[in-house]
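# Understanding the architecture of this molecule
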Amino acid sequence: MIGYGFLSENSLFASQLHQAGISFIGPPPNAISMMGDKILSKKAARESGIPIVSGSDDCVQSEEHCIQLANQIGYPVMIKAALAGGGKAMRVAKNDAQVREAFRISTAEAQSAFGDSRLLVEKFISSPRHIEIQVLGDKFGNVVYFPERECSIQRRNQKVIEESPSVFVDEDMRRRMGEDAVKICKAVGYYSAGTCEFLVDEDKNYYFLELNTRLQVEHPVTEMVTGVDLVQQMISIAAGNPLALKQEDIKPNGWAIESRIYAEDPETFLPSVGTLSQYLETKRLRCDSGVYQGSKISIFYDPLLCKLIAHNKDRQTCIQEMKLALDEMLVSGVKTNIPLLWKIMNSQSFNKGNITTSYLKDNLQELKMESTNDLYLAAAYVYCKNKQDEMGYIPEEQIVVSIDDTEFVLDSDWTLSKPTLVLNIDSKQEQKSMTVHYLHRLATGFKLQYHGVACCVSVKSPLEHDLSRHIKEKPVWNQENAVNSPMPGLVDKNYSRLKP
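Think of each chain on its own: its residues are numbered from 1, step by step along the sequence as written. For this predicted model, a pLDDT threshold of at least 70 governs which residues receive local features, and a threshold of 80 or more governs which side-chain atom pairs are given and counted, while totals over whole chains, interfaces and linings are taken from all residues. Just so you know, side-chain values use all the structure's heavy atoms and leave hydrogens and water out.

Once that is clear, we can look at the overall build of the chain. Along the backbone of the chain there are 14 helices and 22 strands. Along the three orthogonal principal directions, the C-alpha set of the chain runs to about 80 × 75 × 50 Å. Each residue's exposure class comes from its accessible area (1.4 Å probe, protein chains only) as a fraction of the maximum for that residue type: buried when under 20%, exposed when over 50%, partly exposed otherwise. Residues classed as buried in the chain amount to 48% of the 500 residues present. Residue pairs in contact within the chain that sit at least 24 positions apart in sequence constitute 62% of those at least 6 positions apart. Just so you have it, the chain exposes about 26,000 Å², and 51% of that area is on carbon and sulfur atoms. The centroid of the 55 positive side-chain charges in the chain is displaced by 4 Å from the centroid of its 64 negative side-chain charges. A helix here means a DSSP run of H or I that spans at least four residues, while a strand means a run of E at least two residues long, and both kinds are numbered starting from the N terminus. Contacts are assigned to residue pairs with any non-hydrogen atoms lying within 4.5 Å of each other. Reported accessibility uses the Shrake-Rupley method at a 1.4 Å probe radius. Residues are deemed covered only where the shown protein chains occlude them. Under this rule, positive means Lys or Arg and negative means Asp or Glu; His and the chain ends count for nothing. The atom standing in for a charge is NZ when the residue is Lys, CZ when it is Arg, CG when it is Asp and CD when it is Glu.

A separate point is the pairing of strand β18 (residues 406-411). Every regular strand shows the same layout, with side chains that alternate between the two sheet faces. Pairing geometry for strand β17 (residues 398-403) and β18, over six bridges, is antiparallel. Residue Ser402 lies in a different strand from β18, and its bridge partner there is Glu407. Each pair of strands is called paired provided DSSP finds at least two bridges between the two strands. Sheet topology places β18 next to strand β19 (residues 420-426); three bridges connect them, and they run antiparallel. Among the inter-strand pairings, Val409 is bridged to a residue of β19, identified as Asp426.

Spatially, six strands are ordered β17-β18-β19-β20-β21-β22 in an open sheet, and the strand pairing comes out antiparallel. For this open sheet the edge positions go to β17 and β22 (453-457), each flanked by a neighbour on one side alone. For this sheet, the mean inter-axis angle between neighbouring strands, taken without regard to orientation, is 35°. To get an axis, fit a line to the C-alpha atoms, keeping to the stretch in contact for a helix; angles then go from 0 to 180 degrees between the N-to-C directions. In the packing of helix α13 (residues 374-391) onto the sheet, the strands contacted are β17, β18, β19, β20 (431-442), β21 (445-450) and β22, and the crossing angle to β21 comes to about 140°.

Moving on, we come to unusual backbone geometry. If a residue is not glycine, its phi is most likely negative; likewise, a peptide bond is most likely trans. Put simply, Tyr75 and Pro76 share a cis peptide bond, and its omega is -5°. Checked against the element boundaries, Pro76 lands in the loop between α4 (63-73) and β1 (77-81). Residue Pro165 is bonded to the preceding Ser164 through a cis peptide linkage, with omega at -5°. Considering the arrangement of structural elements, one finds Pro165 in the loop between β7 (158-164) and α6 (171-187). Positive phi is not limited to glycine here, since Ser127 has a value of about 50°. Within the element layout of this structure, Ser127 appears in the loop between β3 (119-123) and β4 (129-137). Phi at Asp405 is positive, roughly 70°, even though this residue is not glycine.

Turning to the sheet that holds β3, a few remarks are in order. Taken in spatial order, the three strands line up as β2-β1-β3 in an open sheet, and their pairing is antiparallel. Each having just a single partner strand, β2 (90-93) and β3 make up the two edges of the open sheet. Pairs of neighbouring strands in the sheet enclose a mean axial angle of 25°, with direction left out of account. Across four bridges, β1 lies against β2 in antiparallel orientation.

All right, on to the environment of Leu304 then. Among the structural elements, Leu304 can be located in strand β15 (residues 304-312). Separated by 139 residues in the primary sequence, Leu304 and Ala443 have C-alpha atoms spaced 34 Å apart. In this structure, Leu304 is in contact with Val217, Arg260, Ile261 and Tyr262, ignoring residues within four places of it in sequence.

Turning next to the nonpolar core. In this structure, Ile153, Ile161, Ile261, Leu326, Ile344, Phe350 and Leu360 are the most contacted members of the largest nonpolar core, which totals 37 residues. Those elements that provide at least two residues to this core are β7, β10 (255-262), β15, α9 (315-328), α10 (338-346) and α12 (359-363). The element that contributes the greatest number of residues to this core is α10, accounting for six residues. When sequence neighbours within four positions are dropped, the list of residues in contact with Leu360 reads Ile153, Gln154, Arg155, Val160, Phe269, Leu340, Ile344 and Leu367. For the purposes of this section, nonpolar cores are sets of buried Ala, Val, Leu, Ile, Met, Phe, Trp, Tyr and Cys residues that join through side-chain atoms within 4.5 Å.

So, in structure tokens, the structure goes:
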């Protein structure tokens, strides 16, 4: 049994497998139980001499007790489930009234998500970095750590972009964090893969957060920068083999960045449900996915569709590769966060490495798409191809378009039957290519997807544009009190009742 789901962190499930003589590909049940409980894991970290966030030593007993603890710790505080994970049952409170509300909501969420309503209170560290250390241990007491992963870009306390290494961590800090991660693993008899998570403030002070007793969603970035197949290592450890890796064998090679593509609104982060009417993955990068064209996306599962992982010699090259790969992804039928991912990759703050866990909250309104002529050029090319098809002309591969006295020569082998247009653009200023997706035709134009955004495009001649100003817009019918028929037909009888 291996994976990211709840069963992978269920100590009872792991224990029953052991009793049945079935190997569990993961840590021992007692380590899962101890590290899955935030109260016990904090005690283990404290006893191991690892810095922790100040907070309650035991579970909250009542709403009034929660308020008392919050005042002792000092506002703001974080109220979260003792078995918290995946950003669930976590609330920030800045005063007594917010504590009361957070206590009620978190209690209900914790019971629903984990079957355990226990809560704890911690000091809330404003705008920290979220940095984690991958560990790997065998059943003979050998434990090694891997280069850190930066996971600071989050929404709703869930990760969106991860990378390894971090621009913020130096060699000495990496060694100290790694050694502390190994220390807590050895203290609880841990083996298999795990992830020790830390909050890091602006002065590079780090605080133990939790030890995730499973394979993390973001594990591919570690695999890419070290060349170690973590899943293979987990299977080997479960089979009783000692670690073949030594600490000195683990060295970072280049940079890796992972983007999580979620089925959600890129502005509100609300889940988007439906059927994937189109789904094409990029061939440029590693893409880990579990969906396909025709998959139904429901509200009952995590909205994660796939993960894109870029690996190259340096961070800037990875960012450029990720932008190209995001453009090549075609997902329709549900909304996705591809536009948000592209804007993050394009932002100056991300490129400079100026990121914290409040990055999206602080920068969401400032994240903008590039204002270029690219979409106009793609629209002109598609329009000309459509016209050639309608008129029965032999398609011309090269089309010349002028914008503000600048000539652009457009070239592609694209046809209307292909969903993806790779357009080569040649002008006096530059030569480049762009990727845009042709979704379908409209009554007065067509629909394109660029940087993950679906755009309705209408291309008109000067005369058409001038005449269109005189066409009245179709009035919007108020359907508030209307009864709509699901299909056309004849109304044979009508039964209605008037309200008195």
